[in-house]
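# A look at the structure
Spelled out from the first residue to the last, the chains are:
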Amino acid sequence: MRFPPERAGWYAMAQARELHPNKALRRYLFNTPILLFGSAAQPRAVVDRCPHRGAPLSQGRVEGDTVRCGYHGWTFTGDGRLADMPCLAGELPGVKLHTFETCVHLGLVFIKLGQAPDRPYTNPLVSQLKFWRALPGDADAELADAAENFLDPSHTYFVHKHLVRGKKAVPTTVEVTAGADRAEARYYGEGAAGGLIPAVMGEKERVLSVGRFIGPNVSEVEFHGPAGVNFVMTGYMTPARDGEVTGYGVVGLPGGKPWARLKFMLLWPWIRLVHSQDRNILKTTRDNNVEFGDVKRMAGPLDVLRPQIDAILAGKPPPAQAQPTRVTMLL
């Protein structure tokens, strides 16, 4: 199978708890159907196509570490080897499925494409914050648009009015840095965030916000107060089909697990509402762009991370900066 070489990396495909010994999960990655099966201890991932006649293996039968095609019964092991061909009297031919390396990280099943690191990206705060929860998410958008939406603070005044921000905007210093596979914006001077969600989090003052994109598919935000980090969300984004992104947002909260769990339960309905609002604006924007066809989009002065996101996804990352680029925004 052929996948974009510039998009080598780890892609979140499912929650580990979705895997069961006799269950097939069909997912998509770069328009290619992927079959997940096995167990959380040993997840398996293969291209969801029997090499015989092209039938979807996910419509067959999973039996532990094997999958049997529902058309002619060809059976393959988790490492892609042909293990059985009913009605055959002689030796099995040397047929093998395209397989993927897998791992389980933060409760998610990842598959690896190309020359990627040994493990998926992990926020350095993962050892400091004891509570992490993975939330499914999808969007009718291209990856670059979904990533920018995840990281863009200015749209929150309009798409998420009174939810994410509820105060008068104040001058905020933004420092933007870029490197070989990532771009980061650090926001200083926001003060009180306002809004319902910061109030539920108990966030009285925000001394630093961070938005970062880590190629090829991770978007991440952090909110820091005087006493340390208040909130982290890492978005593991998977380009499923053209104009569709699936994936998971992993929320990290400080404090002991019981208190952090209670805080998450209070936040969860509002996080779902924000996601629903983002899904709606991304879908309507995508559909409208389809209506207008190949019309160039305008780059605005507040799009501080979009040029870097586009460059990283195109396999032409921006040169590393010795000093950050500083701009002022009203947030």
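These numbers were taken from a predicted model, which means no experiment stands behind them.

## Some words on the overall build of the protein
Within the protein, the secondary structure is distributed over five helices and 18 strands. Relative to the compact-globule value of 20 Å for 331 residues, the protein shows a C-alpha radius of gyration of 22 Å, a close match. If you line up the protein on its principal axes, its C-alpha atoms span 80 × 50 × 40 Å. Burial analysis of the protein (331 residues in total) assigns 47% to the buried set. Long-range pairs, those at least 24 residues apart, make up 59% of the contacts in the protein between residues at least 6 apart in sequence. Total accessible area on the protein is roughly 16,500 Å²; 55% of this is exposed by carbon and sulfur atoms.

## Remarks on the side chain of His224
Inspection of the secondary structure puts His224 in strand β15 (residues 218–225). A distance of 2.8 Å separates polar atoms of two side chains, one belonging to His224 and the other to Glu222. Ignoring sequence-local partners within four residues, the contact set of His224 consists of Leu125, Glu205, Arg206, Val207, Leu208, Val210, Val229 and Asn230.

## Overview of the nonpolar core
By size, the foremost hydrophobic cluster in this structure holds 39 residues, and its most contacted members are Phe231, Val251, Leu253, Leu305 and Ile309. Contact partners of Leu253, with chain neighbours within four places excluded, come to Leu129, Lys130, Phe131, Asn230, Phe231, Ala260, Lys263, Phe264 and Leu267. Leu25, Phe110, Ile111 and Ala134 belong to the second largest nonpolar core, which has 35 residues in total.

## A word on unusual backbone geometry
Geometrically, the link from Gly215 to Pro216 is a cis peptide bond, its omega value of 5° lying close to zero. With respect to the helices and strands, the residue Pro216 is situated in the loop between β14 (206–214) and β15. Phi is positive for Asn31, which is not a glycine, with a value near 70°. With a relative accessible area of 40%, Asn31 lands in the partly exposed category. Look at Cys87: it is not a glycine, yet its phi comes out positive at around 80°. On the secondary structure map, Cys87 appears in the loop between β8 (82–84) and β9 (102–105).

## Concerning the pattern of salt bridges
By the definition in use, this model includes 24 salt bridges. Two residues, Glu190 and Arg206, come together in a salt bridge whose shortest N-O distance is 3.6 Å. Of this pair, Glu190 sits in strand β13 (residues 182–191) while Arg206 sits in strand β14, placing them 16 residues apart in sequence. Two residues, Glu203 and Arg206, come together in a salt bridge whose shortest N-O distance is 2.8 Å. We note that Glu203, like Arg206, is buried. Linked by salt bridges that have partners in common, Asp145, Glu148, Arg297, Arg306 and Asp310 make up one network.

## Section: a positive patch on the surface
Taken together, the side chains of Arg17, Lys130, Arg133, Lys257 and Arg261 define a basic patch exposed on the protein surface. Mapping Lys130 onto the fold places it in the loop between β10 (108–113) and β11 (131–139).

## Examining the sheet that holds β10
Paired through their backbone hydrogen bonds, the strands of a sheet run either parallel or antiparallel. With respect to topology, three strands assemble into an open sheet ordered β1-β10-β9, the strand pairing being antiparallel. The outermost strands of the open sheet, each flanked by one partner alone, are β1 (9–15) and β9. Looking at each pair of strands side by side, their axes are set apart by 35° on average, direction ignored.

## Notes on the packing of helix α1 (residues 143–151) against helix α5 (residues 306–313)
Between α1 and α5, the least distance of the axes is 10 Å, while the angle of their chain directions is 145°. You can see that α1 and α5 cross each other, and the crossing is right-handed. Seen from α1, the contacting residues are Leu143, Ala144, Asp145, Ala147, Glu148 and Leu151; seen from α5, they are Arg306, Ile309, Asp310 and Leu313. Of the residues that constitute the contact of α1 with α5, the class distribution is six nonpolar, no polar and four charged.

## A closer look at α1
Counting buried residues along α1, seven of its nine residues qualify, which places the element largely inside the surrounding structure. Inspection of α1 places Leu143, Ala144, Asp145, Ala146, Ala147, Asn149 and Leu151 among the buried residues, and these make up the whole buried set.

## What about the packing of aromatic side chains?
Scanning all chains against the criterion turns up seven aromatic pairs. Between Tyr11 and Phe30 the ring centres are 5.8 Å apart and the planes differ by 80°, which places this aromatic pair in the edge-to-face class. Taken together, the positions of Tyr11 in strand β1 and Phe30 in the loop between β2 (25–29) and β3 (32–38) put the pair 19 residues apart, joining distant regions of the chain. Side by side, Tyr11 and Phe30 carry an identical accessibility label, which is buried. Residues Phe264 and Trp268 carry aromatic rings whose centres are separated by 6.1 Å and whose planes lie at 15° to one another, so their mutual orientation is stacked. Here Phe264 and its partner Trp268 are both found in helix α4 (residues 257–292), four residues apart, which amounts to about one turn of the helix. On the accessibility criterion, Phe264 (5% relative accessible area) is buried.

Cut-offs applied
Residues numbered from 1 in each chain as written. Predicted model: local features only at pLDDT ≥ 70, side-chain atom pairs only at ≥ 80, totals over all residues. Heavy atoms only, no water. Helix = DSSP H or I, 4+ residues; strand = E, 2+ residues; numbered from the N terminus. Rg over C-alpha atoms; globule rule 2.2 N^0.38 Å. Buried < 20%, exposed > 50% of the residue type's maximum accessible area, 1.4 Å probe, protein only. Contact = heavy atoms within 4.5 Å. Areas by Shrake-Rupley, 256 points an atom, 1.4 Å probe, with all protein chains shown as cover. Polar contact = N/O pair within 3.5 Å; in protein donor to acceptor, adjacent residues only side chain to side chain. Core = buried A, V, L, I, M, F, W, Y, C linked by side-chain atoms within 4.5 Å. Salt bridge = Lys/Arg side-chain N within 4 Å of Asp/Glu carboxyl O. Patch = residues over 30% accessible without salt bridge, like charges linked within 9 Å, V, L, I, M, F, W, Y side chains within 5 Å. Lys, Arg positive; Asp, Glu negative; His and termini not counted. Charge placed at Lys NZ, Arg CZ, Asp CG, Glu CD. Pairing = 2+ DSSP bridges. Axes fitted to C-alpha atoms, helices over the stretch in contact; angles between N-to-C directions. Left-handed = near helix turned anticlockwise from the far one by under 90°. Nonpolar A, V, L, I, M, F, W, Y, C, P; charged D, E, K, R; others polar. Phe/Tyr/Trp six-rings, centres within 6.5 Å; stacked < 30°, edge-to-face > 60°.

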